[in-house]
Amino acid sequence: MNSSLEQAWQLAKQRYADSDVNVEQALALLDTLPVSMHCWQGDDVAGFENPTGTLTGGIQATGNYPGKATNAQQLRADLEQAFSLIPGPKRLNLHAIYLEAEQPVERNAIEPAHFARWVAWARDQHLGLDFNPTCFSHPLSADGFTLSHADDKIRQFWIEHCQASRRISAYFGRELGTASVMNIWVPDGMKDLTIDRLAPRERLMAALDTVLAEKLDPRHHIDAVESKLFGIGAESYTVGSAEFYLAYATSRGTALCMDAGHFHPTEVISDKISSASLFVPRLLLHVSRPVRWDSDHVVLLDDETQAIASEIVRQKLFNRVHIGLDFFDASINRIAAWVIGTRNMKKALLRALLEPTDTLRRLEQDGDYTARLALLEEQKSLPWQAVWDRYCQQHQVPVGSDWLSSVREYEQTVLSQR
């Protein structure tokens, strides 16, 4: 073991002990908080349904960095490389378009068999799988509507796709022994002035009720619904707004998904977690980074990422909040993007776990806001990095930026050959 890292670790343990924080307990708790990494960073949300397909529905991956995955085997190899550089428990979040089938399969006809290789791989990797129906980039979503479509036949197609997706999600949970969180997001909306805002929402509500009608074992499958403020081509009206889905999740008992980029530029989801937790049984978080719009940049260890992690820890929502990532940057090495973003989310969780929350809460209850602020600020300069380095060592992954050399080698030997 590196002697300087060991010395830093011992000093950090003592510094935190002086604040009544047990770093060993913090690391043990961090080991119970998986982060669900999204598969679509690896191939720019193209999927394997139709290699020549183009993205629609407000989805846009920008950049042309070489080496993206073009099939499931390549994507799984890339994911393994990323996972090997990230400490602690992880999950994988799949979209329906990442199926593997010998012949083309329509989305309303997808089955568990089309994801059997993913399940076998996940079992070998000791991963849980999460899932998403893909209600975009399809001829029947070309006019901007899916589950809220005015055409009964088109709406029924998307209902059947979501129903099939729920059964696949439940299959994941049964096979892997950990519940799959299946998130429903649809791009439905209008580019310009919208006269009838009610009817599409009535249709969406009825369609979702039909999708969720089949009772599935919650030990295997968890339903979530996700709102959005606007999308490309839906700048003026989004059917599945924040108000719609908060009310829907509350009334139907589903999980509510909140994406960090799906609200007004001055809104943050960290401030919504406590409120929403009062009314919905579970929350799904899509941690992302918007830059001026929902542009899905790589997650940084910034104020909002830290605030999200702190809310989970301070409110002890460990068993009710599912943490997922959602970004797709094609301008940099895609594996590096996964590693940077996922490690940052885990760093934020660790920093939150190293906070003397009970002391701070007591100061707040006593009205000692001076000491509360002082301690919060002092926390920022405590040696959390030494604790993170220890965590990386415990999980036998590179410390600091040493992981970058592994990514570069993989780029030269594997990605550059594609």
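Parameters at a glance
Residues numbered from 1 in each chain as written. Predicted model: local features only at pLDDT ≥ 70, side-chain atom pairs only at ≥ 80, totals over all residues. Heavy atoms only, no water. Axes fitted to C-alpha atoms, helices over the stretch in contact; angles between N-to-C directions. Helix = DSSP H or I, 4+ residues; strand = E, 2+ residues; numbered from the N terminus. Parallel < 35°, antiparallel > 145°, perpendicular 65-115°, else oblique. Contact = heavy atoms within 4.5 Å. Nonpolar A, V, L, I, M, F, W, Y, C, P; charged D, E, K, R; others polar. Core = buried A, V, L, I, M, F, W, Y, C linked by side-chain atoms within 4.5 Å. Buried < 20%, exposed > 50% of the residue type's maximum accessible area, 1.4 Å probe, protein only. UniProt positions renumbered as here; feature names shortened; annotations may be inferred. Polar contact = N/O pair within 3.5 Å; in protein donor to acceptor, adjacent residues only side chain to side chain. Expected span 1.5 Å × (residues − 1). Left-handed = near helix turned anticlockwise from the far one by under 90°. Pairing = 2+ DSSP bridges.

1. So, the packing of helix 1 (residues 3-17) against helix 2 (residues 23-30)
Part 1: Following both chains from N to C, one finds helix 1 and helix 2 inclined at 100 degrees, their axes separated by 9 Å at the closest point. As summarised for this structure, helix 1 and helix 2 are arranged roughly perpendicular, according to the angle between their axes. In this structure, helix 1 contributes Trp9, Lys13 and Tyr16 to the contact, and helix 2 contributes Val23, Glu24 and Leu27.
Part 2: Among the residues making up the contact of helix 1 with helix 2, the classes are represented as four nonpolar, no polar and two charged.

2. Description of the nonpolar core
Part 1: Residues Leu94, Trp118 and Leu147 are the most contacted members of the largest nonpolar core, which totals 119 residues.
Part 2: Broken down by element, the residue count for this core peaks at 11 residues, all from helix 10 (residues 334-353).
Part 3: Dropping the residues within four chain positions of it, Trp118 is found in contact with Phe48, Ala72, Leu75, Arg76, Leu79, Leu92, Leu94, Tyr98, Glu100 and Leu129.

3. Observations concerning the UniProt feature "binding site: Mn(2+)" (unreviewed entry) in the protein chain
Part 1: Within this structure's numbering, the places UniProt gives as "binding site: Mn(2+)" (unreviewed entry) are His262, Asp294 and Asp296. These annotated residues cover 35 residues of sequence, and their C-alpha atoms lie no more than 10.0 Å from one another, placing them together at a single site.
Part 2: Along the polypeptide, Asp294 turns up in the loop between strand 9 (283-287) and helix 9 (303-314).
Part 3: The residues contacting Asp294, other than those within four sequence positions of it, are Lys228, Asp259, Gly261 and His262.
Part 4: A polar contact of 3.1 Å, which involves the side chain of Asp294, links it to the side chain of Lys228.

4. Thoughts on helix 6 (residues 198-211)
Part 1: Taking 1.5 Å of rise per residue, 14 residues should cover 20 Å, and helix 6 covers 20 Å from first to last C-alpha, within 8% of that figure.
Part 2: The elements touched by buried residues of helix 6 are helix 5 (152-176), strand 4 (180-184), strand 7 (237-238) and helix 7 (242-252).

5. Here's the deal with the packing of helix 11 (residues 357-365) against helix 12 (residues 369-379)
Part 1: Two elements in contact, helix 11 and helix 12, have axes separated by 8 Å at closest approach and are oriented at 155 degrees. When the axis of helix 11 is compared with that of helix 12, the two are roughly antiparallel. You can see that helix 11 and helix 12 cross each other, and the crossing is left-handed. Between helix 11 and helix 12, the contacting residues are Thr359, Leu360, Leu363 and Glu364 on the first element and Tyr369, Ala371, Arg372, Leu375 and Leu376 on the second.

6. Some remarks on the pairing of strand 6 (residues 221-226)
Part 1: With six of six residues buried, strand 6 is to be regarded as a mostly interior element.
Part 2: Here strand 6 shows a buried face lined by His221, Asp223 and Val225 and a second buried face lined by Ile222, Ala224 and Glu226.
Part 3: For strand 4 and strand 6, the ladder comprises five bridges, and the chain directions are parallel. Paired with Asn183 across the two strands is Ala224, which belongs to strand 6.
Part 4: Where strand 6 and strand 8 (residues 255-259) come together, three bridges link them in parallel fashion.

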